[in-house]
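Inside the fold
These are the residues of each chain, in order.
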Amino acid sequence: MKSLPGFLQLVIFIFSACVPSSPASAQNDEIVTQFRKITAEEDQRLRAVLRSPIPEDAMQETLRRHFRQKEAAAVRLGDAGLLESVLREAVKRLPDAYLKDNLALELLARGQIEEGNALMQKAIAGANLYESLIIKAHAACALYDQNRDDAARQAISDNMKQLAGLQSQARQTWDQLQVVRSLARNTRCLSSLEERTGKYPQAIAAAEESERHARRALALTPSNFGDTTQRYVRANVAASAGRRLGALIAAGRLGEAEIVLGESVRLSGELELPADYLARLYGVAGNIRFSQREFAQAEALARKSDAVLEKLGYEEWSESRYAQSNGIAAALIGQKNWPAALDVYTRLDAVAGDKAKIKSSTRFSFNRALAYLGNGRHLQAAELLHQHGEETARLHGETHFFTAQARGLEGVALWRMGLPRNKAQALPLLKAAVRDYMAPANAQYLESSGYRKERREEVFAAYLEAIAGTAGENAADALGPADWVRSGSVQDALNDAAVRASASTPALADVVRHDQDAKNEIAGLRRYLSGEAGGAVSPLPEIAAQMRTRIAALEARRKQLQADIKARFPDHERLVRPAMPSAQDIARQLEPTQALLMLLPTADSVYVWAISSDKPAMFARVAMPETEVNRLVAQLRKNLDFASFRGAPTRFDSAAAHALYQRLIEPVSATLQGRTQWIVATGGALSQLPFAVLQTQAGGGSGQDAPWLIKQTAITQVPSLSAWLALKGIAKNRPASQAFMGWGDPAFSAASRTFATSTGDVVHSRKIVLERSNALNDFATDKLVVRSTAPSALRYADIPALPDTREELLAIANTLGADALSDVIVGVQATRASVLTSSKNGTLASRRVVAFATHGLMAGDLPNLTQPALALAIGVADATNPLAPLLTLDDVLTLKLNADWVVLSACNTAAADGRAEEALSGLARGFFYAGARSLLVTHWAVENESAKAITTATFAHYIANPQAPKAESLREAMLKVMAQPQFSHPAFWAPYALVGDGGR
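Everything in this summary refers to the structure shown in the same document. What you see is a predicted model; the values in this text were computed from it and never measured.

So, the pairing of strand 15 (residues 934–938)
Counting buried positions along strand 15 gives five out of five residues, so the element sits mostly inside the fold. Side-chain alternation along strand 15 places Ser934, Leu936 and Thr938 on one buried face and Leu935 and Val937 on a second face that is also buried. Taken together, the five bridges between strand 15 and strand 16 (residues 992–996) define a ladder with antiparallel strand orientation. Opposite leucine 936, over in strand 16, you have leucine 994 as the bridge partner.

Observations concerning the nonpolar core
Ranked by internal contacts, the top residues of the largest apolar core, which has 73 residues, are Ile586 and Trp609. Dropping the residues within four chain positions of it, isoleucine 586 is found in contact with Leu479, Pro581, Leu596, Ile611, Leu721, Trp724 and Leu725. Membership of the second largest hydrophobic core comes to 70 residues, among which are Leu597, Val849, Tyr958 and Met978.

Looking at helix 22 (residues 420–437)
If you check helix 22, its first and last C-alpha atoms are 26 Å apart, about what 18 residues at 1.5 Å a residue would give, namely 26 Å. Every buried residue belonging to helix 22 is among Asn422, Ala426, Leu427, Leu429, Leu430, Ala433, Val434, Asp436 and Tyr437, and all of these are buried.

Things to note about the pattern of salt bridges
Per the stated rule, a full pass over the model turns up 40 salt bridges. Its salt-bridge partner being glutamate 211, residue arginine 244 comes within 2.7 Å of it at the nearest N-O pair. Taken as a pair, arginine 244 in helix 12 (residues 227–250) and glutamate 211 in helix 11 (residues 200–220) lie far apart in primary sequence, 33 residues in all. Given the relative accessible area of 6%, glutamate 211 is considered buried. In this structure, lysine 948 and glutamate 807 form a salt bridge, with 3.3 Å as the shortest nitrogen-oxygen distance. Of this pair, lysine 948 sits in helix 38 (residues 944–960) while glutamate 807 sits in helix 33 (residues 804–816); the two residues are 141 residues apart in sequence, bridging distant segments of the chain. It is possible to trace a salt-bridge network through shared partners that takes in Glu61, Arg64, Arg68 and Asp96.

Brief notes about helix 17 (residues 338–352)
Relative to the 21 Å expected for 15 residues at 1.5 Å per residue, helix 17 spans 21 Å between its end C-alpha atoms, a close match to the ideal helical length. If you check which residues of helix 17 are buried, you get Trp338, Ala341, Leu342, Val344, Tyr345, Leu348, Val351 and Ala352.

Topic: unusual backbone geometry
With glycine set apart, most residues show a phi of negative sign, and most peptide bonds adopt trans. Positioned with a positive phi, asparagine 147 is a non-glycine residue whose angle comes to about 65°. Look at asparagine 147 and you get buried, because its relative accessible area is 13%. Although it is not a glycine, lysine 336 sits at a positive phi angle of roughly 60°. Along the chain, the position of lysine 336 falls in the loop between helix 16 (319–334) and helix 17. Lysine 336 gets classed as exposed once you look at its relative accessible area, which sits at 52%.

Concerning the sheet that holds strand 13 (residues 886–888)
Across the sheet, which stays open at both edges, the three strands sit in the order 11-12-13 with antiparallel pairing between neighbours. The open sheet is flanked by strand 11 (856–857) and strand 13, the only strands paired with a single partner.

Overview of the pairing of strand 5 (residues 714–717)
The alternating pattern of strand 5 places Ala714 and Thr716 and Ile715 and Gln717 on opposite faces, both of which are buried. Of the pairings in the sheet, the one linking strand 4 (residues 677–682) to strand 5 comprises four bridges and is parallel in character. Bridge pairing links valine 680 to glutamine 717 in strand 5.

Parameters at a glance
Residues numbered from 1 in each chain as written. Predicted model: local features only at pLDDT ≥ 70, side-chain atom pairs only at ≥ 80, totals over all residues. Heavy atoms only, no water. Buried < 20%, exposed > 50% of the residue type's maximum accessible area, 1.4 Å probe, protein only. Helix = DSSP H or I, 4+ residues; strand = E, 2+ residues; numbered from the N terminus. Pairing = 2+ DSSP bridges. Core = buried A, V, L, I, M, F, W, Y, C linked by side-chain atoms within 4.5 Å. Contact = heavy atoms within 4.5 Å. Expected span 1.5 Å × (residues − 1). Salt bridge = Lys/Arg side-chain N within 4 Å of Asp/Glu carboxyl O.

Honestly, it's all geometry; don't read function into it.
Listed below in structure tokens is the structure:
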């Protein structure tokens, strides 16, 4: 980025922490036209202004006018060298402190640190009291830019103390304006400082304060203050709003960022900011959509931005436009539109021609390599990824996530080339990448942001294929990594929730807080090193070296802290850093009647492991593409889920049910033979399906006499093998003394409406459908429209009521011999507070069975909901906050349970459309950590009568057979309900799944 002072530098700074440097769109063609690229004639005129001599004996006011014209011309031309020359001459001829300040900023931006700092101090010394305030703010921010964080923090503190005293003393409007502008600048810099050290709430709060001061400055500025002052004050507001947006994005609070983005669009119109500012809003909007994995919308926004740039007169080879082209390619890669993504880079190559500088700027090695890889150009992909990996290792270190990602994908490219020598090169790269992916230090990068999930799965699939296809490698050794990739996307969110939950244990909270502070500071420093914060370019070499030294010290500190946590708080350690499972570990925990089955679908194959306590582990690689797995699962689901058909279910695809069994399970059946309890871990679309409905023979039909797998064995699902091992490793408490406690039929509003679809007298299903707002999509339209309200999926009061769950809870309570009056909490009483209170007073820990008969929500189902949750009754004080009534994962981790069963009798709590699978896994792990040993959940919207029959029969068997495993109780209930003619179809008897420990 060229170094520019004043207004343009402020505007460019606004979004440099969020998106690649790229100007963006205007509200309409008229505004765009005003900011076209300068013409040849204008270029000549501006250069003539710069060449024009300044009279030697001119009065100071005349000199100022001449230098202002020259400075404006240099800025308009974007020529940093000419600008420095103008400012140096101005400082020689005039005593004005602001000129020294402008030159100091220019020198600092160009890396002339010592001279810039010295000149800024001269500017402060030569300024009057109120003039010095802005310069002092610039000096504090310069310390931040130089990685002198302690000095920056002290300078900001000193400035704020001085400004606090001056607020009441300033009498003149101009003086008041300088005070308020300085407050805005200092707090904006403080926000950046807090963000770099990973203190996101503080960064957001400081940015909000900065925006308040900036808006007050705008209100203080009279129209007769001149265009230059007006521009600076408006830019100050825009910069503060942009800082808030950047802090929200860095904190991962994308829903709130959407709202601020809409405010910024309106602001740009109100303040008449240039088209370049509006263009950045398109870039930010596209980045948010890309992070949210909404790739089609991200593409549309990037294309819109590029179209505006073209109208502004930017050439196709300009930095701004080819940055947008890379954004378009990334969105196409996210959509797996490989030919179109490659076309983008082919076009960039044609534009670059033989111009070395443009070729270098349009290389975009990572995304380009992905485009090559997706189009089968493996050699070119491998070469680019090798270069990218070397660069990343130099910047971040050999074991960093981004290095692992690059090296792993290089291994993918080499493996796909197919030659023995290439495969020999690929395997060590893949092994190292898998090892480093799984390192705790890289956990913060595992969220499913952008296309990271697909790239991770691509690397692990190649790793598994290489292990399975290389002589001398033991495929059983890949069990742990395969389990990790299934659950890795859940782990980071679970870690964060566990950190928040640790607050209830002061000693743990203290150690965890220090660990989190170090983790967040490392992340902030790495972002800054990458040029993702504070500017569009990476820091100067000496500053980068200081940052790397600090990172190394923080990483050493984290290792020490984590060792302390592991020694003092083993349960917390098992939750946030579960041990890597091995086949031997699993076998030692299995009982003679049990076998474990794990299936991992990848793009080309399904990998299958089977383990028992007394037989060698079996492994099979089944050549069954993910598309075929998805098709078969979808065929079965459409005849099972009450939400997908009208009327009572009649059809069932028994051929698909047998095909899945035959192809995926029969290859390892020798290990499973004779085992009456299966522990099943699945991934992808297979997680949407209860294995109970698979059929062991062809032509089975859909009735009671069909060869259902559930007739041969009881089945327990586990969210991950590491979670199952951790659960087995936690010593069981003495059995809880009382039977049951349940919450259901919550009052979501004062007048909750009944939601039940009725077909005849048989089917009554409960279901909730939540749709995400597409507020950002308005940015992709020709006419820029921004919604003024928060993106709202639905009002809490609109959540459909569940009156039938009251009967279900009462039936369970009756079956277990509980007191329905005290142990069943429904209606307005079924609140989050009642759950938390029962946990705090020990009531919850005294119950063997705990039930929540309500809707399960996933992240994004309500505005600002970032974790899975259960919907409970709304209180009077909760009316304005749709998240207040929710029992979130954070809450679950604080509960004190001693429950054999936790029943989540809600709609679709076990569905696995990607987000739902992760939500269930997170909730399950949370309940396990809280003290539950198993969960009873539903795969689809259930029919009320059969659901009540399943749950009551399960607990009746559990009570009547004290030695029977929980999985066997569910199996017997399924068989009992299946035997009733009206419920013989699996849509009625198969929705429930047992998750966790299926033993007694």
